[in-house]
Amino acid sequence: MNLNKLINLSQKPKLFERSETVFWDDPHISKKMLEAHLNPDLEGASRKFATIDASVKWLDEDIFPNKDIKILDLGCGPGLYTSRLAKLGYSITGIDYSQRSINYAKEKAEEENLDIEYIYQNYLTIDYEEEFDVIMLIYCDFGALTNEERDLLLKKIYQALKAGGIFITDVFSDKNKGNSDLGRHWELTDDGFWNKKPHLALTETFLYSEDDTFLNQTLVMTEDKEISVYRLFNHCYTKATITDVLNEFDFKDHSYYSDVTGKDYSEESKTLAVVTKK
Ligand SMILES: C[S@@+](CC[C@H](N)C(=O)[O-])C[C@H]1O[C@@H](n2cnc3c(N)ncnc32)[C@H](O)[C@@H]1O
């Protein structure tokens, strides 16, 4: 084992310094991720199915203006929201850059005879003009973006929405700053999440308090002495900080909730959901 290399890699990286590894589209990780998405009782890759059902009910009954709308789901994963919304009669497009999730979503739609458009694409490259009534980005993916990526995406979302269209997203709130207390943990396994070979995974949480961001960094070592680094950054927002960003891109009439089931806004909530308009 190259301990010096390991020591070097375990240092706190710069804010949003990404590693070279592929995460969502890695063949092994995406397989494990799909299993997690499809586990109804796991709060992992997706929320538990009971929560997704509650979200869809809230969106359908309280947020969407009528059934004749076009919806775009960014980071749709295997289509847990898109399929439920299509069954309610909505016209919907899902975009994701996990090929495995998109393949699964397409097969499932065919099996269930649902007319859903699925696109394998990085959502930072979308280029629509006033096409959608609703755009959603659900399960705190907004906070995984650097400020530059976030600004680019908000510009593209604004452009893709029709006048009066709605953007819905959720983020980790500043109540997650305590996540740094999670500190370090490790896993030694021959059938794990990170690699199909036996591996040791060392995970550490780093906090960037001034930038309201935390990082979960995992170093994965296999027997052939390979070390791979995975970094998942999370920018936490408050009502005030997300409002500033949305205002900058001309979104208006923001409404705030504790989560995407429409739970009343609370400063104590670990998530914050926002519904805003073009
Ligand atoms: C945490 S999962 C949430 C999936 C889904 N929204 C849900 O809640 O069930 C994040 C999803 O976003 C996708 N994703 C992340 N960044 C993306 C990007 N830049 N472009 C397209 N998809 C992306 C991942 O592949 C993954 O399926």
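What counts, and where the lines are drawn
- Residues numbered from 1 in each chain as written.
- Predicted model: local features only at pLDDT ≥ 70, side-chain atom pairs only at ≥ 80, totals over all residues.
- Heavy atoms only, no water.
- Near = heavy atom within 4 Å.
- Polar contact = N/O pair within 3.5 Å; in protein donor to acceptor, adjacent residues only side chain to side chain.
- Areas by Shrake-Rupley, 256 points an atom, 1.4 Å probe, with all protein chains shown as cover.
- Nonpolar A, V, L, I, M, F, W, Y, C, P; charged D, E, K, R; others polar.
- 1 Å grid on protein atoms, 1.4 Å probe; cavity = no way out; pocket = protein on both sides within 12 Å on 5 of 7 lines; lining within 4 Å.
- Points joined across faces, edges and corners; volume = space filled by probe spheres on them.
- Helix = DSSP H or I, 4+ residues; strand = E, 2+ residues; numbered from the N terminus.
- Salt bridge = Lys/Arg side-chain N within 4 Å of Asp/Glu carboxyl O.
- Buried < 20%, exposed > 50% of the residue type's maximum accessible area, 1.4 Å probe, protein only.
- Axes fitted to C-alpha atoms, helices over the stretch in contact; angles between N-to-C directions.
- Parallel < 35°, antiparallel > 145°, perpendicular 65-115°, else oblique.
- Contact = heavy atoms within 4.5 Å.
- Pairing = 2+ DSSP bridges.

By the naming in an unreviewed UniProt entry, the protein chain is Methyltransferase domain-containing protein, taken from Orenia metallireducens.

A.B. asks: Can you help me understand the site of the ligand in this one?
C.D. replies: Ser46, Gly75, Asp96, Asn122 and Tyr123 are the nearest of the 16 residues found near the ligand. At 2.9 Å, a side-chain N or O of Asn122 approaches a nitrogen atom of the ligand. Within the complex, the protein chains bury 95% of what would otherwise be the 600 Å² of accessible surface of the ligand. Counted by class, the shell around the ligand contains 7 nonpolar, 7 polar and 2 charged residues.

A.B. asks: Teacher, can you tell me more about the layout of surface pockets here?
C.D. replies: Left-over empty space is what a probe sized like a water molecule reveals as it rolls over the atoms. Counted as a void, the second largest pocket has a volume near 200 Å³. Along the walls of the second largest pocket sit Leu6, Ile7, Ser10, Arg184, His185, Trp186, Leu202, Thr203, Glu204, Phe206, Gln217 and Leu219, which together make up its complete lining. When residues of the lining of the second largest pocket are traced back to their parent elements, those giving at least two are α1 (3-9), β6 (184-189), β7 (199-208) and β8 (213-222). Of the residues forming the lining of the second largest pocket, the biggest block, 4 residues, is contributed by β7. Taken together, the residues of the lining of the second largest pocket sort by class into 6 nonpolar, 4 polar and 2 charged.

A.B. asks: Could you clarify how one ought to interpret the pattern of salt bridges in this entry?
C.D. replies: Enumeration over the complete set of coordinates arrives at 17 salt bridges. One salt bridge in this structure joins Asp170 and Arg47, with 2.9 Å as the shortest N-O distance. Placement of Asp170 in strand β5 (residues 161-172) and of Arg47 in the loop between α2 (27-37) and α3 (49-63) is noted, with a sequence separation of 123 residues between them. Residue classification places Asp170 among the buried positions, given a relative accessible area of 1%. Measuring nitrogen to oxygen at the nearest pair gives 3.1 Å for the salt bridge that ties Arg150 to Asp151. Overall, Arg150 belongs to the buried group, its relative accessible area being 7%. If you follow the salt bridges from partner to partner, you end up with Lys87, Lys108, Glu111 and Glu112 in one network.

A.B. asks: Please clarify how the packing of α2 against helix α5 (residues 99-111) should be interpreted in this entry.
C.D. replies: A packed helix pair is summarised by two numbers, namely the angle formed by the two axes and the spacing between the axes. Contact geometry for α2 and α5: axes closest at 8 Å, N-to-C directions at 45°. It follows from the interaxial angle that α2 and α5 lie oblique. In this structure, α2 contributes Pro27, Ser30, Lys31, Leu34 and His37 to the contact, and α5 contributes Arg100, Ser101 and Tyr104. Residue classes in the contact of α2 with α5 are distributed as 3 nonpolar, 3 polar and 2 charged.

A.B. asks: What am I meant to see in the sheet that holds strand β10 (residues 252-257) here?
C.D. replies: Pairing between the strands of a sheet comes from backbone hydrogen bonds, and it takes one of two forms, parallel or antiparallel. An order of β3-β2-β1-β4-β5-β11-β10 is seen for the 7 strands of this open sheet, with the pairing classed as mixed. Every interior strand has two partners, whereas the edge strands, β3 (116-120) and β10, have only one. Ignoring which end each strand starts from, the neighbouring axes of this sheet average 15° apart. Sitting on the sheet, α5 touches β2 (91-96) and β3, and the angle it makes with β3 is about 160°. Together, β1 (70-74), β4 (132-137) and β5 form the strand contacts of helix α6 (residues 147-160), whose direction differs from that of β5 by roughly 145°.

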